[in-house]
Each structure stands twice: as C-alpha cells, then as structure tokens.
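Reading the structure
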Amino acid sequence: MPNHKIDPNKWIDLYSDYLFNYTITRVNDRVIAQDLVSETFLAGLKSMKNFKGEASERTWLVSILKRKVIDYYRKINSNKGKAEVRMSYNSDNETEGDWLEERVADPFDKTAEDQIENTELADAIDSCLSKLPKKQAKIFEMKTILNYETETICNELEITSSNLWVIIHRARVSMADCLQNNWF
C-alpha cells in the first residue's frame, strides 16, 4: 500500500468551516457542532495510518464526521424514555400520607416558548439575509441553508471556488454581526 501524505496541520484552515456548516445543519446546536468537529479532527489524527488516499482528505474527514453525528444521535436517543421517576412518601405532620412524584424534564418536549424563540430566530435570520447584497445573500442561502455543493454553486453562478469562499466568509461575518445586534 503506497504512503498517502495527509497534513493535519492544515485541517483547521482548510476544513473546519465546511465541517462546522455540515454539522450545524444536522444538530442545530453550535456548541455540539463544534465538539463534533473537534472529535472528528481528533479521530482523524488517531486513524491517520488508515487513510488510503482513495478519497480526498475532506471526504475522509466528512465520513468520520458522519459517524460522529450518528453516534451523537444514538447516544441522546438511547437516553430518551429513561427519565427518572422517583416517588417518596411524606411522613411529616402537614402532608401525612401524601405521595410526591418528581420527574426529570424531557429535553425533546418543545414548549410554546421554544416555538416562539425559533420563529423569532427565523425572522431575525430572514431580516439579516435581506440586508446582504443580493449575490452574497443568494450564495449564503445556497451554501449554508440549502446545503448545495460548492461545484454546483460555482457552475450555476459562474464563479470560482475561491471567490465563493470569500463571498461566504463575508456573508457569515455580516450575518453574525447582524444577528448579534438583532437577535441576542
């Protein structure tokens, strides 16, 4: 088997944004997405000797990340339905003979407050997106929201991939600033 050179020192610069965007669309939690990307890089370092070069480094890292996302959902779903229920018998004078029931909150139970917050966030994103220049907004939406492949966007809009990433970066910075001012 030939020795395939991979350079983990460049992974963060080359792949972290892509892997983060891939992850955030699947877990919808910034901290968890960051953790999963970090775990992916760590797993990649540990299994560098298994890299065969049959795919690009990015494709290889995405395949590791996919398994990390699947493992994440397996873990949280294995705990689902295992909410602890404790009952105790009160024997003080005031509540003599009453049973108390304590339940652990179900993290998957969406409240009306959560729904309102999600609606407000969607409105804030739409508002910030509408403030971007048209081309920037279109590219941001295609790449980040609709999850189009880089090559598809470049072909459709007749731009280079490096131009695409510059536009994406600028759009992300603008969106982050706008959301910081209008949402948080």
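Now for a description of the structure that goes with this document. Source: prediction; values computed, not measured. (Residues numbered from 1 in each chain as written. Predicted model: local features only at pLDDT ≥ 70, side-chain atom pairs only at ≥ 80, totals over all residues. Heavy atoms only, no water.)

1. Here we look at the side chain of Arg172
Our working definition: Counting from the N terminus, the helices are DSSP H or I runs at least four residues long and the strands are E runs at least two residues long. Each residue gets one of three labels from its accessible area relative to the maximum for its type: buried under 20%, exposed over 50%, partly exposed in between, using a 1.4 Å probe on protein chains only. For this analysis, residues touch if any pair of their heavy atoms sits within 4.5 Å.
Its place among the elements puts Arg172 in helix α7 (residues 161-182). Relative accessible area serves as the criterion here: at 19%, Arg172 is assigned to the buried category. If near-sequence neighbours (up to four positions away) are discounted, Arg172 is found in contact with Asp17, Asn21, Phe140, Thr144 and Trp165.

2. Regarding the state of the cysteines
What counts here: Disulfide: a pair of cysteine sulfur atoms within 2.5 Å of each other.
Evaluation of the coordinates by the stated rule reveals one disulfide. The partner cysteine of Cys128 in its disulfide is Cys178, sulfur to sulfur 2.1 Å. Residues Cys128 and Cys178 share a disulfide whose torsion about the S-S bond is about -85 degrees; that sign makes it left-handed. Taken together, the positions of Cys128 in helix α4 (residues 112-131) and Cys178 in helix α7 put the pair 50 residues apart, joining distant regions of the chain. Overall, Cys128 belongs to the buried group, its relative accessible area being 2%.

3. As for a negative patch on the surface
The condition is simple: A residue counts toward a patch only above 30% relative accessible area and without a salt bridge, and it is joined to like-charged neighbours within 9 Å or, for Val, Leu, Ile, Met, Phe, Trp and Tyr, to nonpolar neighbours within 5 Å. The accessible surface values rely on the Shrake-Rupley method and a 1.4 Å probe; as for residues, cover is taken only from the protein chains in view. By convention in these notes, a salt bridge is any Lys or Arg side-chain nitrogen within 4 Å of a carboxyl oxygen on Asp or Glu. The charged-residue count follows a simple rule in which Lys and Arg add positive charge and Asp and Glu add negative charge, with His and chain termini not counted at all. By convention, the point assigned to a charge is CZ for Arg, NZ for Lys, CD for Glu and CG for Asp.
On the surface, Glu120, Asp123, Asp126 and Glu141 cluster together into a negatively charged patch. Broken down by element, the negative patch gets its largest block of residues, three residues, from α4. In this structure, Glu120 sits in helix α4. What makes Glu120 partly exposed here is its relative accessible area of 43%.

4. Looking at the packing of aromatic side chains
Selection criterion: Here a Phe, Tyr or Trp ring, Trp counted by its six-membered ring, pairs with any other such ring whose centre lies within 6.5 Å, and the pair is stacked when the planes are under 30 degrees apart, edge-to-face when over 60, and tilted otherwise. As a reminder, the over-ring test applies to NZ of lysine and CZ of arginine, requiring each to be within 6 Å of the ring centre and within 35 degrees of the ring normal.
Per the counting criterion, the structure on display carries four aromatic pairs. Taken together, the ring pairs in this structure connect Trp11, Phe41, Phe51 and Trp60 into an aromatic cluster. The ring of Tyr22 has Arg26 lying over it, and the distance from NZ or CZ to the ring centre is 3.5 Å. The residue whose ring lies beneath Arg58 is Tyr18, and the NZ or CZ to ring-centre distance is 3.8 Å.

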